[in-house]
Amino acid sequence: MAKPFEIPKQVVWEAYLRVKSAGGAPGVDGQTIEAFERNLKNNLYRIWNRMSSGTYFPPPVLRVAIPKRDGGTRKLGIPTVADRIAQTVVKMVLEPRVESHFHPDSYGYRPRKSAVDAVGRARERCWQFSWVLDLDIRAFFDSLDHDLMMRAVRKYTSSRWLILYIERWLRAPVQLEDGTLEPSRSGTPQGGVISPLLANIFLHLAFDAWMQRWFTGVPFERYADDVIVHCRTEQQAESVLLAVTQRLARCRLEVHPQKTKIVYCRDSNRTGRAREESFDFLGFTFRPRRARNRRGEYFASFSPAISGVAAKTIRQTMRRSWRIRRRTDKSLTDLANMFNPELRGWICYYGSYCRSALYPVFRPLDRALTRWAMRKFKRFRGHQRRARKWLEGIARRDPRLFAHWYLLSGVATAG
């Protein structure tokens, strides 16, 4: 019997491979990827059969609260493994249709674009423009209007099955950690596979294309709902802020009045003063920094480096999650193999700009390794200086053992 929707089985298989590669926690059914794979053929057939016949209905999304860097909590929605595969099927079909329409300065969750690209572009423009509008949209993923979202989707596709399932995902109920079910009246769950693409579709029309039409010559960088706008004067920034606030209100979104601010990009060529002279963007703090030119002369440059919040999060992870000093059953090589992947990730990202700002971030790690050596080896107990010298000797002989020893400076650094 012919299915009303033509969805190739190969697409479902490729979607499964992507979900498996990404990993992730189980949803409301408690099923892990490993459990899903025990009956893989039938499970994938069931997804394809229901999606092709129009009878696929997403289960509730499991909502969990995770801590935010600013001390609050973020509501994260976790779909089931099967639902993540179904969402990936829709994303694989819809994304190529909309990607070519997106603005070049939209960087979030797009092929061949990254947060590092967005930070680098913002850095260049902060050198060219004296003022920045640091725009914060209040609770964007929780506030997204479903009717407006579907209107935006229909601008890019008339496919019945894509529209059908996107609408069902938007309306799918939410299951709280205590088992209570709540209806979904607005928003799209952070953690859903399809959510970042929907966010880009909505904000492209609500912000990107609108800015391009009404504020030609005012550049910006947007990474999902994080937005930086560059202006030549403070008056221009205030005018843009007023217009953007009104525009987003028509799209049923709100500019956060406390977190949104206008920033002066002070450097050696712009020596005025303003109330705000720094802002955070994607884990980096932009502010005036001491730099040196090719002639060895020092000057002030408005540049990014790892933010204090990101640095604190890294130190807390190393202290609370790694608990190095208690891992005396491990060798130094074991510890390096355990933690180097995460260390390399941090250094690769936050070391993209002003790598020297990472030096103090990783000093506590070497102190923790020193304390680990004092607990593990009797000859170092009560002798911190001796343990530190021992560690420094290993760092000189094998500077690549720990990622932060070599990658930060290219020379051995320990202690």
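Reading the values: the criteria
- Residues numbered from 1 in each chain as written.
- Predicted model: local features only at pLDDT ≥ 70, side-chain atom pairs only at ≥ 80, totals over all residues.
- Heavy atoms only, no water.
- Pairing = 2+ DSSP bridges.
- Helix = DSSP H or I, 4+ residues; strand = E, 2+ residues; numbered from the N terminus.
- Core = buried A, V, L, I, M, F, W, Y, C linked by side-chain atoms within 4.5 Å.
- Buried < 20%, exposed > 50% of the residue type's maximum accessible area, 1.4 Å probe, protein only.
- Contact = heavy atoms within 4.5 Å.
- pLDDT = per-residue confidence, 0-100.
- Disulfide = S-S within 2.5 Å.
- Salt bridge = Lys/Arg side-chain N within 4 Å of Asp/Glu carboxyl O.

1. A few points about the pairing of strand β10 (residues 284-292)
Where strand β9 (residues 279-281) meets β10, 3 bridges bridge the pair, whose relative direction is antiparallel. Residue pairing across strands places D280 opposite T285, the latter belonging to β10. Connecting the antiparallel pair β9 and β10 is a turn made up of 2 residues, with L282 showing a positive phi of about 55°. In terms of strand pairing, β10 meets strand β11 (residues 298-306) through 9 bridges, oriented antiparallel. When the sheet's bridge partners are listed, F284 is paired in β11 with I306. Hairpin connection from β10 to β11: 5 residues lie between these consecutive antiparallel strands, with G296 at a positive phi of about 85°.

2. Things to note about the nonpolar core
In this structure, M51, I85, F202, M211 and V229 are the most contacted members of the largest nonpolar core, which totals 72 residues. It is helix α9 (residues 195-214) that contributes the most residues to this core, 10 residues altogether. In contact with F202, other than residues within four places in its own chain, are F140, L144, D145, L148, M149, C251 and L253. In this structure, V132, I314, L335 and L343 belong to the second largest nonpolar core, which totals 52 residues.

3. Section: unusual backbone geometry
Backbone geometry at A139 places phi at a positive 45°, although glycine is not the residue there. Positionally, A139 belongs in the loop between β3 (131-136) and α6 (140-143). Its identity as a non-glycine residue notwithstanding, R252 has a phi of 65°, on the positive side. As for its placement among the helices and strands, R252 is situated in the loop between α10 (234-250) and β8 (261-264).

4. Section: the confidence of the model for the protein
Summary statistics for the protein give a mean pLDDT of 93 and a share of 96% for residues scoring 70 or more. Here residues 411-415 scores under 50 on pLDDT; set against residues more than four positions off or in separate chains, the count is 17 contacts.

5. Quick notes on the state of the cysteines
Scanning all chains against the criterion turns up 0 disulfides. With no disulfide of its own, C231 lies 9.7 Å from the sulfur of C265, the closest cysteine sulfur. Take C251: it sits in no disulfide, and the sulfur closest to it among the cysteines is that of C231, at 19 Å. The class for C251 is buried, based on a relative accessible area of 10%.

6. Some words on the environment of Y223
Mapped onto the elements of the fold, Y223 is located in strand β6 (residues 220-223). For Y223, a relative accessible area of 18% corresponds to the buried category. A C-alpha to C-alpha distance of 7.9 Å links Y223 and Y109, two positions 114 residues apart in sequence. Discounting chain neighbours no more than four positions away, the residues touching Y223 are Y107, G108, Y109, S114, A115 and L282.

7. Notes on the sheet that holds strand β1 (residues 61-67)
Read across the sheet, 4 strands follow the order β2-β1-β4-β5 without closing on themselves; strand pairing throughout is mixed. Edge positions in the sheet fall to β2 (73-78) and β5 (181-182), since each has one partner strand and no second. For β1 and strand β4 (residues 174-175), the ladder comprises 2 bridges, and the chain directions are parallel. Within β4, the position partnered with V61 by the bridge is V174.

8. Observations regarding the pattern of salt bridges
Enumeration according to the criterion identifies 17 salt bridges in this entry. Salt-bridge contacts for R121 lead to E124; the nearest nitrogen and oxygen are separated by 2.8 Å. Taken together, the residues span about one helical turn, with R121 and E124 both in helix α5 (residues 115-128) at a distance of 3 residues. With a relative accessible area of 31%, R121 lands in the partly exposed category. The class for E124 is partly exposed, based on a relative accessible area of 36%. In this structure, a network of salt bridges that share partners links the residues D105, R125 and E221.

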